[in-house]
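Listed below are the residues making up each chain.
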Amino acid sequence: MSAWTHDTGHQAELGESPDPLRWVIWHTATGTLVFDRDINGPLGIDDEAVLCEVLGSMRAAGVPESDDYPGRPCS
């Protein structure tokens, strides 16, 4: 079970970051992920219903979407 189902505080900050380019909706070959550019990786949301809710909120907030890898190269 995902921690997101019980702690909506994490969800609330998506799309409301002081850095408007921190969060990206990333479309991969296997699905759609929430990508955090600060940590340079996708967030692990393993509950499909929660992921759909988060993605909907992010889209409503105008978070950008991309089919390309939205992070920086790993060192």
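Residues numbered from 1 in each chain as written. Predicted model: local features only at pLDDT ≥ 70, side-chain atom pairs only at ≥ 80, totals over all residues. Heavy atoms only, no water.

1. Section: the overall build of the protein chain
Phase 1 of the analysis: For the protein chain, the helix and strand inventory stands at two helices and four strands.
Phase 2 of the analysis: If you list the helices and strands of the protein chain from N to C, you get α-β-β-β-α-β.
Phase 3 of the analysis: For the protein chain, the residues scored as buried account for 33% of the 75 residues in total.
Phase 4 of the analysis: Counting only contacts in the protein chain whose residues sit at least 6 apart along the sequence, the fraction spanning at least 24 positions is 56%.
Phase 5 of the analysis: Entry remark: accessible area of the protein chain is about 4,700 Å², with carbon and sulfur atoms responsible for 54%. (Helix = DSSP H or I, 4+ residues; strand = E, 2+ residues; numbered from the N terminus. Buried < 20%, exposed > 50% of the residue type's maximum accessible area, 1.4 Å probe, protein only. Contact = heavy atoms within 4.5 Å. Areas by Shrake-Rupley, 256 points an atom, 1.4 Å probe, with all protein chains shown as cover.)

2. Observations regarding the sheet that holds strand S4 (residues 65-66)
Phase 1 of the analysis: Spatial ordering of the open sheet is given by S3-S2-S1-S4, a layout of four strands whose pairing is mixed. What marks the edges here is a single partner per strand, and that holds for strand S3 (41-42) and S4.
Phase 2 of the analysis: For strand S2 (residues 32-36) and S3, the ladder comprises two bridges, and the chain directions are antiparallel. Bridging across to S3, Phe-35 finds its partner in Pro-42.
Phase 3 of the analysis: The strands touched by helix H2 (residues 48-60) are strand S1 (23-27), S2 and S4; relative to S2, the strand with the most contacts, the crossing angle is about 60°. (Pairing = 2+ DSSP bridges. Axes fitted to C-alpha atoms, helices over the stretch in contact; angles between N-to-C directions.)

3. Examining the environment of Trp-23
Phase 1 of the analysis: Considering the arrangement of structural elements, one finds Trp-23 in strand S1.
Phase 2 of the analysis: A relative accessible area of 3% means that Trp-23 is categorised as buried.
Phase 3 of the analysis: C-alpha separation for the pair Trp-23 and Val-63, spaced 40 residues apart in sequence, amounts to 6.7 Å.

4. Examining the pairing of S1
Phase 1 of the analysis: Most of S1 is tucked away, with four of its five residues classed as buried.
Phase 2 of the analysis: Across five bridges, the pairing between S1 and S2 is antiparallel. Looking at S2, one finds that Trp-23 is bridged to Asp-36.
Phase 3 of the analysis: Where S1 meets S4, two bridges bridge the pair, whose relative direction is parallel.

5. A look at the pattern of salt bridges
Phase 1 of the analysis: One pass over the full model with this rule turns up three salt bridges.
Phase 2 of the analysis: In this structure, Asp-36 and Arg-22 form a salt bridge, with 2.8 Å as the shortest nitrogen-oxygen distance. Within this pair, whereas Asp-36 is found in strand S2, its partner Arg-22 is found in the loop between helix H1 (8-13) and S1, the two being separated by 14 residues in sequence. Both residues of the pair, Asp-36 and Arg-22, belong to the buried class.
Phase 3 of the analysis: With its nearest N and O atoms 3.3 Å apart, the salt bridge here joins Asp-38 to Arg-22. (Salt bridge = Lys/Arg side-chain N within 4 Å of Asp/Glu carboxyl O.)

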